[in-house]
Amino acid sequence: MSIEVNLVNSFTVNGKGGNPAGVVLNSEQLSNAQKLNIAQAVGYSETAFVSSDDEADYEVSFFTTAGEVDFCGHATLAAFFTMYQNGILAAGCYVQRTKAGLLSVTIEPDGKVVMEQQLPKKIDSFTYQEISNVIGIERDILASTKLPIEVISTGLADVIIPVPKGCLDSIEPDDALIADFCEQNKLVGFHVFELCKLESKLTASCRNFAPLFGIPEESATGSASGALACYLSEHLALGSDYIFEQGRAMGSASIITASIQSEHSRVIDVKVGGFATSIGTLVISL
């Protein structure tokens, strides 16, 4: 059996940069073991598998090279962009079934894909010293931000870690330490950010490390961007619309937009969006 995988860069900037994902359409007959084999053959951080669904428009499952995850933002973007580009979908609003729940996805007339995420769940918090021991930044430097280190999930549980301006690019992650910490605390990864200057169009620059799932560093993360937007809304009152840059340290700059709606200081809607670019196809024999 031959499987065609669409290869897509998600969260691109004028067709450049972004984070690659694989997309397999019509995947109803594939077992989880086959999906994992395909994801490993593709070798990207995530591959999305799109199937029909009785209630939602589509069921979408997500596999890293290490196993299945509940949700993936950049692979969602890649999947719906692929269906839009291939003429399967027109601009409009759709619903995908994921292990993180039933979530809406909107394809705008210019091809931008905007995805709904789960409402934020604050799961845990860590001291500056605990994170300093893992990420290799001195405790006092982390503490100088005066911002908390929290685990927030809008589909996946990531540690949101603020660092002072100028520290982000100097981080040299220890994959073994981060993976061990995440495994012990049932986390996906570390989402580290530094705020941009007020006059910048960007809200923050980010890096994401998830070695427990075979991803030493990821150049764009949709789920963590939604969590970060919720974090910034609570702790810095920066408004409801955000633009994040990620992947700069990897030479693959990506732009992710995020927006939230709040009511009585409670988040009632989280959306993350961006553009994608096709980079080809791959045929895999099972």
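Our subject is the structure that appears above.
Regarding a nonpolar patch on the surface
Move 1: On the surface, Leu 195, Leu 236 and Leu 238 cluster together into a nonpolar patch covering about 200 Å² of accessible area.
Move 2: We classify Leu 236 as partly exposed; its relative accessible area is 30%.

Points about the packing of aromatic side chains
Move 1: Evaluated as defined, the whole model comprises seven aromatic pairs.
Move 2: A centroid spacing of 5.7 Å and a plane angle of 75° characterise the contact between Phe 193 and Tyr 231, whose relative ring orientation is edge-to-face. Here Tyr 231 lies in helix H6 (residues 222–236) and Phe 193 lies in strand S12 (residues 189–195), a separation of 38 residues in the sequence. With respect to burial, Phe 193 and Tyr 231 carry one shared label: buried.
Move 3: Of the aromatic side chains, those joined through ring pairs into one cluster are Phe 126, Phe 181 and Phe 190.

Structural notes on the pairing of strand S14 (residues 215–218)
Move 1: Judged from the two bridges that link them, strand S13 (residues 204–210) and S14 form a sheet pairing that is antiparallel. Bridging from a neighbouring strand, Ala 210 pairs with Ile 215 of S14.

Let's talk about the pattern of salt bridges
Move 1: Considering all chains together, one arrives at 12 salt bridges under this definition.
Move 2: Here Lys 122 ties to Glu 234 by a salt bridge, and the two come within 2.9 Å at their closest N and O atoms. In this pair, Lys 122 sits in strand S9 (residues 121–126) while Glu 234 sits in helix H6, placing the two residues 112 residues apart along the sequence.
Move 3: Where Glu 217 meets Arg 207, a salt bridge forms, and the shortest distance between an N and an O atom there is 2.8 Å. Pair noted here: Glu 217 is in strand S14 and Arg 207 is in strand S13, with a separation of 10 residues, a long-range link.
Move 4: We classify Glu 217 as buried; its relative accessible area is 19%.
Move 5: For Arg 207, a relative accessible area of 7% translates into the label buried.
Move 6: What you see here is one network of salt bridges that share partners, running through Lys 165, Asp 169, Glu 194, Glu 245 and Arg 248.

Side note on the nonpolar core
Move 1: By size, the foremost hydrophobic cluster in this structure holds 54 residues, and its most contacted members are Val 50, Phe 62, Phe 80, Phe 193, Leu 228, Tyr 231 and Phe 244.
Move 2: In this structure, Phe 62 is in contact with Thr 47, Ala 48, Gly 67, Glu 68, Val 69, Asp 70, Phe 71, Cys 72, Ala 75, Thr 76, Gln 96 and Thr 98, ignoring residues within four places of it in sequence.
Move 3: Counting residues in each nonpolar core, the second largest holds 22 residues, with Ile 131, Cys 182, Leu 187 and Phe 190 among its members.

Things to note about the pairing of strand S10 (residues 149–153)
Move 1: With five of its five residues buried, S10 lies for the most part within the structure.
Move 2: The side-chain alternation of S10 yields two buried faces, one formed by Ile 149, Val 151 and Ser 153 and the other by Glu 150 and Ile 152.
Move 3: In the sheet, S9 pairs with S10 via five bridges, with the strands oriented antiparallel. Its bridge partner lying in S10, Ser 125 is registered against Glu 150.

Digging into the environment of Ile 149
Move 1: Assignment of secondary structure puts Ile 149 in strand S10.
Move 2: Placed 21 residues apart in sequence, Ile 149 and Tyr 128 show a C-alpha to C-alpha distance of 7.3 Å.
Move 3: Setting aside residues no more than four positions away along its own chain, Ile 149 makes contact with Ser 125, Phe 126, Thr 127, Tyr 128, Ile 131, Val 159, Ile 160, Ile 161 and Pro 162.

Brief notes about the packing of helix H3 (residues 128–135) against helix H5 (residues 175–185)
Move 1: It is at 8 Å that the axes of H3 and H5 come closest, and there the two elements cross at 140°. On the basis of their axis angle, the class for H3 and H5 is oblique. The residues of H5 that touch H3, namely those facing Glu 130, Ile 131, Asn 133 and Val 134, are Leu 177, Ile 178 and Phe 181.
Move 2: Looking at the contact of H3 with H5 residue by residue, the classes come out as five nonpolar, one polar and one charged.

A closer look at H5
Move 1: Residues of H5 that are buried include every one of Ile 178, Ala 179, Phe 181 and Cys 182, and no others. Seen from one end, H5 has its buried residues packed into an arc of 165°, which puts them on one side. Turned more than 90 degrees away from the buried face of H5 sit Ala 176, Glu 183 and Gln 184, all of them exposed.
Move 2: Next to the buried residues of H5 lie S9, H3, S12 and S13.
Move 3: With a side-chain oxygen lying 3.1 Å from the backbone nitrogen of Ala 176, the N-terminal cap of H5 falls on Asp 174.

A closer look at the side chain of Ser 252
Move 1: Here Ser 252 shows up in the loop between strand S15 (241–246) and strand S16 (254–263).
Move 2: Residue class for Ser 252 comes out buried when judged on its relative accessible area of 17%.
Move 3: Once residues lying within four places of it in the same chain are set aside, the contact partners of Ser 252 are Gly 17, Gly 18, Ser 219, Gln 246 and Gly 247.

Definitions and limits used
- Every chain begins its residue count from 1, and numbering advances along the sequence as written.
- For this predicted model, a pLDDT threshold of at least 70 governs which residues receive local features, and a threshold of 80 or more governs which side-chain atom pairs are given and counted, while totals over whole chains, interfaces and linings are taken from all residues.
- Side-chain figures throughout are based on the complete set of non-hydrogen atoms in the structure, without hydrogens or water.
- Put simply, a patch holds well-exposed residues, over 30% relative accessible area, that have no salt bridge, with like charges counted together within 9 Å and Val, Leu, Ile, Met, Phe, Trp or Tyr side chains within 5 Å.
- Computed with a 1.4 Å probe, the accessible areas rest on the Shrake-Rupley method; for each residue, only the protein chains presented here act as cover.
- A carboxyl oxygen of Asp or Glu within 4 Å of a side-chain nitrogen of Lys or Arg is what we treat as a salt bridge.
- Summary of the burial criterion: residues with accessible area below 20% of their type's maximum are buried, those above 50% are exposed, and those between are partly exposed, where the area comes from a 1.4 Å probe applied to protein chains only.
- Note on ring pairs: Phe, Tyr and Trp rings are taken, using the six-membered ring of Trp, and paired if centres are within 6.5 Å. Classes follow the plane angle, with under 30 degrees stacked, over 60 edge-to-face and the rest tilted.
- Helix and strand assignments follow DSSP, with helices taken as H or I runs no shorter than four residues and strands as E runs no shorter than two, numbered in order from the N terminus.
- One requirement defines pairing of two strands: DSSP has to find at least two bridges between them.
- For the purposes of this section, nonpolar cores are sets of buried Ala, Val, Leu, Ile, Met, Phe, Trp, Tyr and Cys residues that join through side-chain atoms within 4.5 Å.
- Contact definition: two residues touch when any of their heavy atoms are within 4.5 Å.
- For helices, the fitted axis covers only the stretch in contact; all axes are lines through C-alpha atoms, and the angles between them, taken along N-to-C directions, range from 0 to 180 degrees.
- Should an angle fall under 35 degrees it is taken as roughly parallel, and over 145 as roughly antiparallel, whereas 65 to 115 is taken as roughly perpendicular and any remaining angle as oblique.
- Lys, Arg, Asp and Glu make up the charged group, whereas Ala, Val, Leu, Ile, Met, Phe, Trp, Tyr, Cys and Pro make up the nonpolar group; the residues left over, Gly among them, are polar.
- Relevant arc is that of directions from the helix axis to the C-beta atoms, nothing else.
- Any pair of N or O atoms that falls within 3.5 Å is considered a polar contact. Within protein, one atom must be able to donate a hydrogen and the other to accept it, and sequence-neighbouring residues count only if both atoms are side-chain atoms.

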